[in-house]
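Each chain, letter by letter, is given below.
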Amino acid sequence: MSAWETVIGLEIHAQLSTKSKIFSGSPTTYGASPNSQANLVDLAYPGVLPVLNTEAVRMAVKFGLAVDAAVAPRSVFARKNYFYPDLPKGYQISQYELPVVGKGHLDIVLDDGTKKRIGITRAHLEEDAGKSLHEGLPKQSGIDLNRAGTPLVEIVSEPDMRSAKEAVAYLKKVHTLVRYLEICDGNMQEGSFRCDANVSVRKVGAEKFGTRAEIKNINSFRFVEKAINYEVARQIDLLEGGGKVVQETRLYDPDKGETRSMRSKEEANDYRYFPDPDLLPVEIDAAYIASVKATLPELPDQKATRFAAQFGLSEYDAGVLTSSKELAAYYEEVAKLLAGGKEPSKEQAKLAANWVAGSLAAALNEHNLEIGESRIGAAGLAGLLGRIADNTISGKIAKDVFEAMWAEGRDADAIIESKGLKQITDTGAIEKAIDEVMAKSPGQLADYRSGKDKLFGFFVGQVMKATGGKANPAQLNELLKKKLAG
Amino acid sequence: MSLNRDQINSIAHLARLSLTEAEIPVYQDSLSKIVELVGELDAAQTAGIEPMAHPLPGLAQRMRPDVVTEKDQHELYQRNAPQVEAALYLVPKVIE
Amino acid sequence: MHTLTLSELAKKLRAKEFSVTELTKSLLTRIEESQQTLNAFITVTPELAMAQAKVADATLASGVAGPLTGLPLAHKDIFCTQGVKTSCGSKMLDNFVSPYDATVVEKLNAAGMVTLGKTNMDEFAMGSSNETSYYGPVKNPWDLKLVPGGSSGGSAAAVAARIAPIATATDTGGSIRQPASLCGVTGFKPTYGRVSRYGMIAFASSLDQGGLISQSAEDAALVLGAMSGFDPRDSTSVDTPVPNYLESLNAPLAGLRIGLIKEFFEKGLDASVEKLIREALKVYEKLGAKLIEVKLPALPLSVPTYYVVAPAECSSNLARFDGVRYGYRAKDPKDLMDLYKRSRGEGFGAEVKRRIMTGTYVLSAGYYDAYYLKAQRVRQLINQDFKRAFAEVDVLMGPTAPDVAFGIGAKASDPIQMYLNDIYTIGANLAGVPAMSIPCGFVRDLPVGLQIAGPHFAEAKLFNVAHAYQKETDWHRQIPAVFKGELS
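Residues numbered from 1 in each chain as written. Chains lettered and ligands numbered in written order. Predicted model: local features only at pLDDT ≥ 70, side-chain atom pairs only at ≥ 80, totals over all residues. Heavy atoms only, no water.

Student: Sorry, what's going on with the overall build of chain B here?
Tutor: Scanning chain B from terminus to terminus reveals three helices and three strands. In chain B, the succession of α and β elements from N to C terminus is α-α-β-α-β-β. Against the globule reference of 12 Å for 96 residues, chain B gives a C-alpha radius of gyration of 23 Å, more extended than a compact globule. Classification of the 96 residues of chain B by burial places 44% in the buried group. Looking at chain B alone, contacts between residues at least 24 apart form 31% of all its contacts between residues at least 6 apart. Distance from the positive charge centre (8 side chains) to the negative charge centre (14 side chains) of chain B: 8 Å. (Helix = DSSP H or I, 4+ residues; strand = E, 2+ residues; numbered from the N terminus. Rg over C-alpha atoms; globule rule 2.2 N^0.38 Å. Buried < 20%, exposed > 50% of the residue type's maximum accessible area, 1.4 Å probe, protein only. Contact = heavy atoms within 4.5 Å. Lys, Arg positive; Asp, Glu negative; His and termini not counted. Charge placed at Lys NZ, Arg CZ, Asp CG, Glu CD.)

Student: Which parts of the structure should I look at to understand the sheet that holds strand β4 (residues 77-81) of chain A?
Tutor: Where strands meet in a sheet, backbone hydrogen bonds hold them as pairs that are either parallel or antiparallel. Across the sheet, three strands lie side by side as β5-β4-β15 (chain A); this open sheet has antiparallel pairing. On the outer flanks of this sheet lie β5 (91-95) and β15 (274-275) of chain A, each paired with one strand and no other. Inspection of the sheet shows β4(A) paired to β15(A) by two bridges, in the antiparallel sense. When the sheet's bridge partners are listed, A:Ala78 is paired in β15(A) with A:Pro275. Packed onto the sheet, helix α9 (residues 302-317) of chain C meets β4, β5 and β15 of chain A and runs at close to 65 degrees relative to β4(A). (Pairing = 2+ DSSP bridges. Axes fitted to C-alpha atoms, helices over the stretch in contact; angles between N-to-C directions.)

Student: Sorry, what's going on with the nonpolar core here?
Tutor: The nonpolar side chains of a soluble globular protein tend to be buried with one another. Core analysis: the biggest nonpolar cluster contains 210 residues, and C:Phe124, C:Tyr284, C:Met397 and C:Ile452 have the highest contact counts within it. Excluding its chain neighbours within four sequence positions, the residues that come into contact with C:Met397 are C:Ile258, C:Gly259, C:Leu260, C:Ile261, C:Phe265, C:Leu281, C:Tyr284, C:Leu450, C:Gln451, C:Ile452 and C:Val465. Ranked by size, the runner-up nonpolar core spans 66 residues in total, among them A:Trp4, A:Phe63, A:Ala123 and A:Phe223. (Core = buried A, V, L, I, M, F, W, Y, C linked by side-chain atoms within 4.5 Å.)

Student: Would you mind showing me how to read the sheet that holds strand β3 (residues 88-92) of chain B here?
Tutor: Taken in spatial order, the four strands make up an open sheet running β8(A)-β9(A)-β3(B)-β2(B), and their pairing is antiparallel. Strands at the two margins of the open sheet, each flanked by one partner only, are β8 (131-133) of chain A together with β2 (84-85) of chain B. Here β2(B) pairs with β3(B) via two bridges, running antiparallel. Paired with B:Val84 across the strands is B:Tyr89, a residue of β3(B).

Student: For this particular structure, what's the right way to read unusual backbone geometry?
Tutor: Excluding glycine, a negative phi dihedral is what most residues carry, and trans is how most peptide bonds are arranged. A cis geometry characterises the amide bond from C:Gly150 onward to C:Ser151, with omega recorded as 10 degrees. Locating C:Ser151 in the fold gives a position in the loop between β3 (114-119) and α5 (153-160). Its identity is not glycine, yet A:Ala44 carries a phi of approximately 55 degrees, on the positive side. Among the structural elements, A:Ala44 can be located in the loop between β1 (4-15) and β2 (52-53). For C:Phe124, which is not glycine, the phi torsion reads 50 degrees and is therefore positive.

Student: For this particular structure, what's the right way to read the interface of chain C and chain A?
Tutor: When the parts of a complex come together, some accessible area is lost, and that lost area is often taken as the interface size. Across the boundary between the two partners, chain C contributes 37 residues, which contact 29 residues of chain A. Taken together, the two surfaces of chain C and chain A that pack against each other cover about 2800 Å², and 59% of this comes from carbon and sulfur. When the buried area of chain C at its contact with chain A is split by residue, C:Ser235, C:Arg320 and C:Arg325 rank highest and sum to 22% of it. In this structure, the connection of chain C to chain A is made through one salt bridge. A salt bridge links C:Arg197 to A:Asp278, with the nearest nitrogen and oxygen atoms 2.9 Å apart. For the pair chain C and chain A, the number of links is 15 residue pairs in polar contact (both at pLDDT 80 or more). (Buried area = accessible area lost by both parts, 1.4 Å probe. Salt bridge = Lys/Arg side-chain N within 4 Å of Asp/Glu carboxyl O. Polar contact = N/O pair within 3.5 Å; in protein donor to acceptor, adjacent residues only side chain to side chain.)

Student: How should the pattern of salt bridges be read in this particular structure?
Tutor: Proximity of charged atoms lets side chains of opposite charge pair with each other. Scanning all chains against the criterion turns up 56 salt bridges over all chains. Salt-bridge contacts for C:Asp231 lead to C:Arg233; the nearest nitrogen and oxygen are separated by 3.5 Å. Classification of C:Asp231 by relative accessible area gives buried; the value is 4%. Take C:Arg233: its relative accessible area is 29%, and that puts it in the partly exposed class. In the salt-bridge network here, residues are joined through shared partners; they are A:Arg79, A:Asp276, A:Asp278 and C:Arg197.

Dropping the structure here:
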């Protein structure tokens, strides 16, 4: 056991899915041609001024309410001053001393099923910077300011996480939440959901935190885990070798799987924050908060709790199925259809849960699709499950039918019919097949009867082969046992 | 003088201003005088007084509706650009 | 035509005594002929002016003209004018042609006014003498060896020399009122938030206001209405209705309570200047006003407060000038740091760099509380002083500047000496109150200005009070000898 404890805090930047930018009326769509979505305000022309987007505020408040945080009745925009080509004004409009959202929390479930509460220090509004492009230009960089001015909410966690796994669980929870709230599309590849990790280590039992390094440029859940683990190992090595951890910004290099120093955080430190004189304090009253609260959807935790109770699912299954609002809706529809519009029984709910969280999720993953792009709709899947439930096909055959449904786009019945996959439930037919197999395999029969129980599987396999896999497994097992016993 | 050379250099660096060797003492002198001038504020009794960020008190930030009002006018805006290629503003390579 | 006030021009244009085209042509000629001596303009816009004049003449002929149709004006080169060079008096923007119009410019264009050109100014509005301009100093029309004041020196000189009947200007610490005082013209700074700052290149955002330099209060009242009003593009723009400033122009002054700021009549004020101020006050007493002494004890801290707040804000506002998207760019930068440092080091003048560095310093880690926060608290005190004073009096009066115009180069070496020119004007910017300067006499043949300030949104009251004085006196009608007649 390591004598070291890991301490992790995450800073998440979520791009808000407003139509226009936070301080200008430019569009926020991703992937537009360079500088086609940067107006005079975004370009920081002389004489221009910022005007605040009401939807950005509403979305930030929504988030605050969803994490049980205090929403500030008065918050102030401040200028964070530094020079960088993707920052046209030479300062970023952010919030410093008075953020719009105060202390909150989010509960995560760890791999072993235990729950842990992660504190959220604050969440504030700010504007995104543009992008620097380096390809194709030997000694120069090209600046694209389309992204400059896109609204961000920066969510700062308390340093409550103690392992990379906890950090990933928290990150995923926030990701799920912002998508539930429909304030951010959570697209990490496109950069609309970004994470910086503050990582430090200390001796177990120590009171003070160790010096931390900030890791930037992590754009996938997998990389977050790898980057943190690498960094923890690096820091421990350093400290055990008598060295000191430098407070700095480090970049994660996914190709090499390591973090490397970017620039000393000391250098970029003096941001000279002061309240932005071009903007007035944002005032939010109780009536506004109440109106936003009324628009909150059923939150992930609430939905998971309801699923567990309503459908008799395990906490784990409920958690998986509610990882996105769309997936949860899909599941509920499958379960309802399977029950013919009535409240699904425990068996029906479980059957639906296994398939949605299992085969369907796997297929979506493999083809990199969102639930909304699934090639099998809820009705289609419910249809397939119905044929398992009414014994038309076995669970095993159903897997093949699922593959065919996904590939061909036809419904379950059509495929079962055309491929003749109906289960054999006729006792006589199964017995006949068993008799034939037993006759063909006298040696194995003798061995089995003399005690080699494992050969049961051999006979099952042979009968299945003989029946083209269509023998009802439960019946087969029962009849085979009887016959083998003699 | 209240500000030394190093301070002048670090301020100029923060502000991204190049200073010639000859300029340093000149700014050292004038900035020190200004710092002395503003030092008069020390004497003011401001305990319990709120800082005033805006001259008109009690006003709150107006919020505009979330509507796209701008169209692509990059050709017009880039007429003033010192160096542009493929609609990108060019700067010496930014090393990360 | 050039000796006529804007109001008189408006009447005569309507009476068809001359056309807008004729008027514009004659002013453009005067501008051309005086440019070498005065250097009041950075850019003259003859094509634009003549095109606008043509349209204005047609509008006047059709009978649908507004009160400002065809009236010529000059814009301080701090206002962005679409398709026209906008330099802010700086090398940094020497090559900058604005792609858009400032709201002020948009509004006055829409009212049918004719743009003669862009006036010279202290670089980025930082200065009190118009000596920091990249385009050279502006001369005071009353004595060409002297400064016109700043930062709106070009606008003040242009109106004083009657080469433009009126000009827009901006005031952050006195940049409208002080040059108006030194040039013997009327300068008006409205309440903060009254006039939109959109398109007005920012110096100190919480202090800047756009206003006018004119021949009279009546002229300013005529134009300010069109310039003012809520602008959704400026978050600090105030959404209150704009009254008709001409309506109450002639209201009687009986019972007016005039506050005299005790602190302003103490040391530092030239004795001859003080004498003229007191004579002006006697005129007001004759008109029925009462003089009341008021104390604004925090006011003497205006200058140090201003020299923390304004540089702090400007150091941030000017960070956008980096040679990347527009403006001056250093040649052959060897890397990004070099691009920034040399573009800014070479593009900005000394006073601008001085203020950027001061601002950077007072905001930097370890100094923010002691300087910036402290200054903001003193600003609150100053505001409270003004509020208390206006509970007792209707307007405040006093000198605009401690002395008359000084020699070009005389104060250039000592920035503090220069800063003290604004000792009486800065308070109004810190409090956001409207204030103006009107001519009230001459000392050693040089103009002296009387400053009048009022509570927030008391513009109409100020115009009324100033107009009353200008009906009793004719200081505002005086024109420097050199510029009285035709120029050649």
